[in-house]
Amino acid sequence: MSVVSAIVLVVDELVERVDAQDSMLGVVSRGEAVRRGWLHRVAVVVCRDGQGRFLVHRRAQSLSRFPGHYELGVGGAAAVGESYAQAAARELREELGVPAPVRLRFTFLNRTGLSPHWLGVCDAVLSEIGVPDPDEVAWHGWLTESEVRRSLRQWTFTPDSREIFDRYLASRADTAPSQNEG
């Protein structure tokens, strides 16, 4: 094994491989799950501010997955033993530097992107943004619903952003996000 492949093995995160019903089958590396097209769990947070605007960010150019693309959700793979909400809250702290309670809104089998995965969409209401990690976030801004709709047509977003937005809008009629829920 070369030094480079040993380093890749060390930094590749472990995830739970799951089935079509989102039940755990075992633990694998995320890289292997992506390469083999195995289902695993990913969590994102749709962030809103007190005025109801959506947080949109542009991914850093140095990222291996969708560099420079815009994104509606802040998130990443759920680690072994992490719930969708726990993973989403961790990613929010890591990427935006803000601790906040998140609430799982819904899950769906996402077949867009690099490989199929279960996507847990959470939401959070943020009063402020911390210091975004420049290795993850190149730009961020608050957009109204109509500005997000326009941006989805004009900017290059990650493959799942439109479906996340559409499903989120459909689900918010059920219950409105609250700062006090976690």
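Residues numbered from 1 in each chain as written. Predicted model: local features only at pLDDT ≥ 70, side-chain atom pairs only at ≥ 80, totals over all residues. Heavy atoms only, no water.

> Go over the packing of aromatic side chains, please, and point to the residues and values.
For the structure shown, the criterion picks out eight aromatic pairs. Geometrically, the ring pair formed by Tyr70 and Trp139 is edge-to-face, given 5.9 Å between the ring centres and 75° between the ring planes. Of the two residues, Tyr70 is situated in strand S5 (residues 70-71) and Trp139 in strand S9 (residues 137-143); the sequence distance between them amounts to 69 residues. A cation over an aromatic ring shows up here: Arg48 above the ring of Phe54, its NZ or CZ 4.1 Å from the ring centre. (Phe/Tyr/Trp six-rings, centres within 6.5 Å; stacked < 30°, edge-to-face > 60°. Helix = DSSP H or I, 4+ residues; strand = E, 2+ residues; numbered from the N terminus. Lys NZ or Arg CZ within 6 Å of the ring centre and 35° of its normal.)

> Outline the pattern of salt bridges, supporting the account with residue identities and numerical values.
Inspection of the entire model under this criterion finds 13 salt bridges. Linking Arg41 and Asp22 is a salt bridge whose minimum nitrogen-to-oxygen distance equals 2.7 Å. Within this pair, whereas Arg41 is found in strand S3 (residues 41-48), its partner Asp22 is found in the loop between strand S1 (14-18) and strand S2 (24-29), the two being separated by 19 residues in sequence. For the residue pair Arg41 and Asp22, the accessibility class agrees, reading buried in each case. The network of salt bridges with shared partners includes Glu82, Arg90, Glu91 and Glu94. (Salt bridge = Lys/Arg side-chain N within 4 Å of Asp/Glu carboxyl O. Buried < 20%, exposed > 50% of the residue type's maximum accessible area, 1.4 Å probe, protein only.)

> Outline the pairing of strand S8 (residues 117-125), listing residues and values.
Counting buried positions along S8 gives nine out of nine residues, so the element sits mostly inside the fold. Relative to S8, S3 runs parallel, the two sharing eight bridges. Pairing of Arg41 across the sheet is with Trp118, part of S8. One ladder, built from seven bridges, connects strand S7 (residues 103-110) with S8; its direction is antiparallel. Bridge pairing in S8 places Phe106 opposite Val121. From the end of S7 to the start of S8, which pair antiparallel, there are six residues, and Gly113 there has a positive phi angle of about 95°. (Pairing = 2+ DSSP bridges.)

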